[in-house]
Structure formats: C-alpha cells, structure tokens
Amino acid sequence: MENNKYQIPEDNKAPATGTESKEEVEAEKRQSRYNLRRRKEEADGRSAEDKTAQELRQVQEKDATFSAVAAASPAPQLDFGGKIGAYFWLLFLPAWVLFLILQVNLADPSLANFPPTLPALGTLWDGQALAFVVLWILFQALLYLLPVGKLSDGMPLKSGQRLKYRTNGFLALVLSCAGTAAAAYQGVDFTYIHSHFLQLAVASFIVSTLLSVYLYVRSLSAAPADLALGGSSGNVVYDFFKGRELNPRLKGFDLKFFCEMRPGLIGWCLINFAMALAEMKQQQLDTPSAAMILVNLFQLLYAYYLVSHPSPLSPPALAAIVTLKAIGFYIFRKSNSEKNAFRRNPADPNLAHLKTIPTATGKSLLVSGWWGVVRHPNYVGDLLMALAWSLPCGFNHLLPWYYMIYFIILLVHRDSRDMSECRRKYGSAWEEYCRTVRYRLIPRVY
C-alpha cells in the first residue's frame, strides 16, 4: 500500500491532510525527485501525441468541408469516356493492334500508305498458332505453381486481409529462357513467330476474350467486398471493360497477378528473340544488328519493325541510347522503391529524412526525395525508357514513335485521373501537396 501511493503521478495526488507521518512526507519527496525525469518524458510524449492528434483533427475538420461539397456534387464521371468510351475502346484497341501489325509488314510503312490492305478473314485464323498460345500459357502457369520463391504479403484489402503472393517470377524467366535455348539447340524454328505474328495476335485476342468473359461471369457471384470500386457501375459493358472483381483467384492461383506478369512479359522476351532470328534470316546476317540487340533488350514492336527496316547505329548514338535507357530505368526503379518502402513501413529509420504531409485517412503524402521533385517521377523514368525504345529505329517513319506518342497521352490522362481521385481521397491535404510539389512530370515545365 505504501509503495502504491508513491507511484501516483503528482498531478493526480490528493493534497496533504496533516495525518501523514513525517517519514511518509519525506519518502514522497524523495520519490518525486527520482521520478522527475520519467514524468518529464511522459509529459513530452503526451505533448507530442497531443500535437499529432491536434494536427489530425485540424486536417479532418478541413476535410469535412470537402466531404460536404463532394456529397452535394453530382457523381463523378466514369473513366475512359464512360459507357460510350467503354464500347469504343473494346472495339478500337484490338482493331488498332491488328492495323499496326499490318502496317509494319508494308515495304513502306509511312502514313501515306495507311491504312494497309485488309487480309482475307481466312488468313487471320491458324489452329497451330492458337495451340502455341495455349501451351505457352499453361507452361507459365506450371512455373507459377512451383513451390519456390518468397511468399509476399499484398496491400491490405477493404476487409483488412492481406493476400499472399508467390514471387518466383525471376525463376520463371530463367527457366523459360533455358527452355527456349534448349529448343533452339534442338532445331525448333522460332522464326515461325515472325511469319505467323498476325495469327498469333488473333489467337491471343481469342484467349483474352474468353478469359475476360469468364472473369465477368464469376464476378456476378462475388461478395461485395471483393469487387473493384471502378468496375461496379451497374453497366455491363463498362464493368466488363474495367474489370469487376478485384482479386479473382482459383484456390490460391491469382489470375490477375499471373496474367499481368507471366505469359505476356516473359512471352515478350521469347518474341523478341524470335525477331532477332528472323532478322538474321531475312537480312542474311551472321549476328543480329546493333539496333536489334538494343531493341531486344528494350521493346517488342520495334523488333518486329527492324526485321524488314534495318537502322544502322553509330557507336556514339549507341552509347547515347544506352545511357538514356539506364537513366530512365534508374529513375523508375529508385522512385518506385522509395514509394513502396514508405508504404510498407513509414517508420523505417532509413526514410526518416523524408518530409510528409499528414492526411485525414491516417496516411501521409511524400513531399521530398524523388516525390518532392515532381508528382510522378516514375512516369518520367518510363518516358525516358520509351524514348530509348524508339530511337534505335531512326526517324524515317512515324510508326516506331507510335508507342512514345501513345505513352505520353496515356500518362497525361492517368495524371488527370490521379488528380481527381487523390483530391477526393485526401481533401485539403492534397491541395497542400499540390502547392508543395508544383510540377507533375517535368520541373518548371509541366
């Protein structure tokens, strides 16, 4: 009982009553001296906590105004042109890809010869090409299921759950390259990919459409918490276009995670390798050209272009393009790594130098490091890499610059979507962020 009394903080103690003994009073004074530093630290801790709580309350009070305005405003417009845009993009994008392939096949792919002559419908279909696409997808699915690699946690869902992801993509890439090399050594003719590129593209469209229909149908029985916010408009075509279920899985096999990374991106490497072989065969070369080697490391459409339209590069041009690619990749990787590290653990001591703006959601916005220079430094890195992909093809035709032009339009549109979403989500904190980080992509320009 005596010891308990001496542990009561001084500001909570009752005043002396005169009934306490002299020894008790002296003991209390001694204990007060010994506890002074601890009480000061506690008071400092409470002050810091009170300050943080006060800042959060101020942000929340400001955001109450934003929330009231948002509630009184009409519902925001749907992305990509809304319902009409969904119809348009679903029809236009596959047709545009086919037109690009046909255009590249022309002896002179200039805009003066656009559009190219449409082939007979019978030439678009090839059963062997479809079988090749399906077997490639199944092979990648088998590699995905290998119980090798780190199990990583995904971002928290609305339910608070974190999904597990098997990150063995690099192993899948290595095994795919080894399998391709072994097949080439056994005499498999990979130039088939170039000669049947159009049919392989059509086969990929068929598989993608069937998978998309399946995903939409299964989303109709998904729980509301599993649906994506952007794909639950109630319009069938728009929701089909946007994607309705957020993380569709078949007994742990994450279809979204698999399709985003495995068949397409690893298949990209296979297709580029086949284009290098086709260039050597068509142009009668002993080794791929310097431009083809660069593009093999960078991109796909340009590899297909270079098979029939070679573009020699001087050593200085080669060095400049490689340097540009390296700078773009460095900016892309460093900015994304900084953002991901901050998302996973904002209290990481390695990130203590970064300045932030608190938001009413409890999260903070980075306003220093890469994310203090421009609002989208990762986009800048992406654009520099896209420029490096186009340069090896030269300036004789506009076609190799299609991706660069398309990518600029895409990122500007994505930036506008991000602005609207973040303003709605973060309210006054986002307004302060925009005043602090003024430029979107290029400092002092845009």
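Each chain carries its own residue numbering, running from 1 in the direction its sequence is written. Only residues with pLDDT of at least 70 get local features here, since the model is predicted, and only at 80 or more are side-chain atom pairs given and counted; chain-wide, interface and lining totals rely on the full set of residues. In computing side-chain values, all of the structure's heavy atoms are included and hydrogens and water are not.

So the rule is basically this: UniProt positions are given in the numbering used here, feature names are shortened, and annotations may be inferred rather than shown by experiment.
Per an unreviewed UniProt entry, the recorded name for the protein chain is Delta(14)-sterol reductase, and the organism is Takifugu bimaculatus. The annotation that UniProt attaches to the protein chain under Pathway (unreviewed entry) is "Steroid biosynthesis; cholesterol biosynthesis." What UniProt states about the protein chain under its Sequence similarities (unreviewed entry) heading is, verbatim, "Belongs to the ERG4/ERG24 family."

### Some points on the UniProt feature "transmembrane region" (unreviewed entry) in the protein chain
Put simply, the rule reads: Helix and strand definitions here come from DSSP, where helices need a minimum of 4 consecutive H or I residues and strands a minimum of 2 consecutive E residues; each element is numbered from the N-terminal end.
Here the UniProt-annotated "transmembrane region" (unreviewed entry) positions come out as residues 86-107, 127-146, 167-185, 197-217, 290-307, 313-332, 352-374 and 394-413. The span residues 86-107 is 86% helical and 0% strand by assignment, and the distance between its end C-alpha atoms comes to 34 Å. As annotated, residues 127-146 has a helix share of 90% and a strand share of 0%, and its two end C-alpha atoms lie 29 Å apart.

### Remarks on the side chain of Arg249
For clarity, the cut-off: For the purposes of these results, a polar contact is taken to be a pair of N or O atoms within 3.5 Å, where, inside protein, one atom must be able to donate a hydrogen and its partner to accept one; residues adjacent in sequence count only when each atom of the pair is a side-chain atom. Residues are treated as being in contact if the distance between any of their heavy atoms lies within 4.5 Å.
As for its position among the elements, Arg249 is in strand E3 (residues 249-250). Within the structure, the side chain of Arg249 is placed 2.8 Å from the side chain of Asp254, a separation counted as a polar contact. Excluding its chain neighbours within four sequence positions, the residues that come into contact with Arg249 are Leu163, Lys164, Tyr165, Arg218 and Asp254.

### A few points about the confidence of the model for the protein chain
Put simply, the rule is: Confidence of the prediction at every residue is given by pLDDT, a number between 0 and 100.
Per-chain confidence: the protein chain averages 78 in pLDDT, with 80% of residues scoring 70 or above. Within the protein chain, the lowest mean pLDDT, 40, falls on helix H1 (residues 2-6), and the highest, 94, falls on helix H5 (residues 127-144). In the model, residues 1-46 has pLDDT below 50 throughout and makes 16 contacts with residues more than four positions away in sequence or in other chains. In this model residues 65-76 is a low-confidence stretch, pLDDT under 50, and it forms three contacts with partners more than four residues away in sequence or in other chains.

### A word on the pattern of salt bridges
To keep it simple, the criterion reads: What counts as a salt bridge is simple: a side-chain nitrogen of Lys or Arg found within 4 Å of a carboxyl oxygen of Asp or Glu. Only protein chains enter the accessibility calculation, which uses a 1.4 Å probe; a residue is then buried when its area is under 20% of its type maximum, exposed when over 50%, and partly exposed in between.
Under the criterion given, the structure shown has six salt bridges. Across the pair Lys164 and Asp153 runs a salt bridge whose closest N-O atoms are separated by 2.6 Å. Taken together, the residues Lys164 in strand E2 (residues 164-167) and Asp153 in strand E1 (residues 150-153) connect sequence positions eleven residues apart. Residue class for Lys164 comes out partly exposed when judged on its relative accessible area of 46%. Relative accessible area serves as the criterion here: at 30%, Asp153 is assigned to the partly exposed category. Linking Arg218 and Glu245 is a salt bridge whose minimum nitrogen-to-oxygen distance equals 3.0 Å. A residue pair is termed long-range when its members are at least 10 positions apart, and Arg218 in helix H8 (residues 197-219) and Glu245 in the loop between helix H9 (236-242) and E3 qualify at 27 residues. Accessibility expressed as a relative area gives 19% for Arg218, which makes it buried.

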